[in-house]
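Residue strings, one per chain:
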Amino acid sequence: MLNPVGIYYAFWEREWEANYIHYVKKAAKIGFDVLELAAGSIVDMTKAQRLDIANAAKDEGIELTYCIGLPREYDMANADDSVRENAVEYVKKLLGCVGEMGGKVLGGILYGCWPAVMNQPLTDKSAWWDRSVNSVRKAAQSAADEGVLYCLEVVNRFEQFLINTAAEGRRFVDEVGSDQVKLLLDAFHMNIEEDFIGDAIRQSAGYIGHFHIGEANRKVPGRGHMPWDDVVQGLKDAGYTGRIVMEPFIKMGGAVGRDIKVWHDLSDNGDEAYMDNEASFALNFMRRKLSERK
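Residues numbered from 1 in each chain as written. Predicted model: local features only at pLDDT ≥ 70, side-chain atom pairs only at ≥ 80, totals over all residues. Heavy atoms only, no water.

Caption draft 1: Main features of unusual backbone geometry. Between Trp114 and the following residue, Pro115, the backbone shows a cis peptide bond with an omega angle of -10°. Along the chain, Pro115 falls in the loop between strand E4 (105–109) and helix H5 (126–146). Of note in this structure, Lys261 is not a glycine but carries a positive phi near 70°. Residue placement: Lys261 occurs in the loop between helix H10 (254–260) and helix H11 (272–292). Residue Asn269 is not a glycine yet carries a positive backbone phi of 60°. By the element assignment, Asn269 lies in the loop between H10 and H11. With relative accessibility at 66%, the residue Asn269 sits in the exposed group. (Helix = DSSP H or I, 4+ residues; strand = E, 2+ residues; numbered from the N terminus. Buried < 20%, exposed > 50% of the residue type's maximum accessible area, 1.4 Å probe, protein only.)

Caption draft 2: Examining the sheet that holds strand E7 (residues 208–213) more closely. With respect to topology, eight strands assemble into a closed barrel ordered E1-E2-E3-E4-E5-E6-E7-E8, the strand pairing being parallel. Strand-to-strand twist of the sheet, defined as the mean angle between neighbouring strand axes without regard to direction, takes the value 30°. Both strand E1 (residues 5–8) and strand E8 (residues 244–246) contribute to a ladder of three bridges, which runs parallel. Within E8, the position partnered with Gly6 by the bridge is Val245. Across the sheet, helix H4 (residues 81–100) lies against strand E3 (63–69), E4 and strand E5 (149–153), angled at about 145° from E4, the strand it touches most. (Pairing = 2+ DSSP bridges. Axes fitted to C-alpha atoms, helices over the stretch in contact; angles between N-to-C directions. Contact = heavy atoms within 4.5 Å.)

Caption draft 3: Inspection of the pairing of E7 at higher detail. With six of its six residues buried, E7 lies for the most part within the structure. Bridge analysis of strand E6 (residues 181–186) against E7 gives four bridges, and the strand direction is parallel. Opposite Leu184, over in E7, you have His210 as the bridge partner.

Caption draft 4: Structural context of the side chain of Asn3. Checked against the element boundaries, Asn3 lands in the segment before E1. A distance of 2.9 Å separates polar atoms of two side chains, one belonging to Asn3 and the other to Arg293. Once you skip the residues sitting within four places of it in the chain, Asn3 turns out to touch Asp33, Tyr240, Thr241, Gly242, Ile244, Leu290 and Arg293. (Polar contact = N/O pair within 3.5 Å; in protein donor to acceptor, adjacent residues only side chain to side chain.)

Caption draft 5: Local environment of the side chain of Gln233. Structurally, the position occupied by Gln233 is in helix H9 (residues 228–237). Given a relative accessible area of 19%, Gln233 falls into the buried group. With residues near it in sequence (within four places) discarded, Gln233 still touches Arg202, Arg293 and Lys294.

Caption draft 6: Inspection of the nonpolar core at higher detail. Formed by 99 residues in total, the largest nonpolar core has its most connected members in Leu35, Leu64, Leu106, Tyr150, Leu152 and Phe211. The element that contributes the greatest number of residues to this core is H4, accounting for eight residues. Beyond its immediate stretch of four places on either side in the chain, Leu35 contacts Ile7, Tyr8, Tyr9, Tyr20, Tyr23, Val24, Ala27, Ile62, Glu63, Leu64 and Thr65. (Core = buried A, V, L, I, M, F, W, Y, C linked by side-chain atoms within 4.5 Å.)

Caption draft 7: Quick look at the pairing of E4. With five of five residues buried, E4 lies mostly within the body of the structure. Sheet topology note: the E3/E4 ladder contains four bridges and is parallel. Looking at the pairing, Cys67 lines up with Gly107 of E4. The parallel pair E3 and E4, bridged by H4, forms a crossover whose chirality is right-handed. In the sheet, E4 pairs with E5 via four bridges, with the strands oriented parallel. Note that in E5 the partner of Gly107 across the bridge is Cys151. This β-α-β element, E4 to H5 to E5, shows right-handed connectivity. (Right-handed = clockwise from strand over helix to strand, strands pointing away.)

Caption draft 8: Spotlight on the packing of H5 against helix H6 (residues 166–176). Viewed as axis vectors pointing N to C, H5 and H6 meet at an angle of 55°, and their least axial separation amounts to 9 Å. With respect to each other, H5 and H6 are oriented oblique. When the axes of H5 and H6 are compared, the crossing they make is right-handed. On H6, the residues touching Trp129, Ser132, Val133, Val136 and Arg137 of H5 are Glu168, Arg171, Phe172, Glu175 and Val176. (Parallel < 35°, antiparallel > 145°, perpendicular 65-115°, else oblique. Left-handed = near helix turned anticlockwise from the far one by under 90°.)

Caption draft 9: Looking closely at the packing of aromatic side chains. Tallying each qualifying case throughout the model produces twelve aromatic pairs. Both rings, one in Tyr8 and one in Trp16, keep their centres 6.4 Å apart while their planes meet at 40°; by these two values the pair is tilted. Residue Trp16 is classed as partly exposed on the basis of its relative accessible area of 22%. Relative to Tyr23, the ring of Trp12 lies with its centre 5.9 Å away and its plane at 20°, an arrangement referred to as stacked. Separated by eleven residues along the polypeptide, Trp12 in the loop between E1 and helix H1 (20–30) and Tyr23 in helix H1 bring together distant segments of the chain. The pair formed by Trp12 and Tyr23 is uniform in burial state, with each residue classed as buried. Clustering of aromatic rings is evident, with ring pairs tying together Tyr8, Tyr9, Phe11, Trp12, Trp16, Tyr20, Tyr23 and Phe249. Its guanidinium or amino end placed over the ring of Trp129, Arg171 lies 4.0 Å from that ring's centre, counting from NZ or CZ. (Phe/Tyr/Trp six-rings, centres within 6.5 Å; stacked < 30°, edge-to-face > 60°. Lys NZ or Arg CZ within 6 Å of the ring centre and 35° of its normal.)

This is how it looks when you write it as structure tokens:
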């Protein structure tokens, strides 16, 4: 059985808040199994609005997953006790909303804030690390109560400084000590930080709760030079049977383009039909790769 394959709604969207039901229907029409939403936007909705989205997804046969990079005011590693306390409560609220919608995965930079660039010389990040581990540990009980995997995204050094490699991620998860806390590995970030992507995936067997894919240039899978055979074989060898969600960003503009740093149009001014075709191409590409693995 192949892994469920999904896409992040923001492939089409330029803002972090959107008409999610529209993208649920679009993802279903193209043939995806999963649609990933911006978790931060669901917190501000009413319960009725959240359930409308969840019911629409159920009707279309689409599973919803959720992702967020915590804003600075909810920095789980901050030196200020009150900031960390507010961050933990915010993450608990996120987990509650995801659980209410029947979701099983909340992933992202849920251990600090995003972006978080260290602008001072650093030879020891243990103080930030220890504060973050303690914060995640406090929030993890809510993840268990809601039945939601709390997935820590390992990202590159230009976006965060705490967890940049899968090895660091595994150590962090071990220190938290909760079965509900897993890793979100992302091929885009691994391409920057890991010596060999497949090896890093294999070494993370049992730790992976969610997986993101995308080309090194942020295009859809299959439109770049990423070693997809190595990635897919690594997932197979690690025994990962969970969701694989693509996170391409190719359009300039809006909060999405600004925050992801899309400074030139990678679509050659493609229209919505072009975007849909690219999504379909990538879905078929990944399903073919998954079916070919040994």
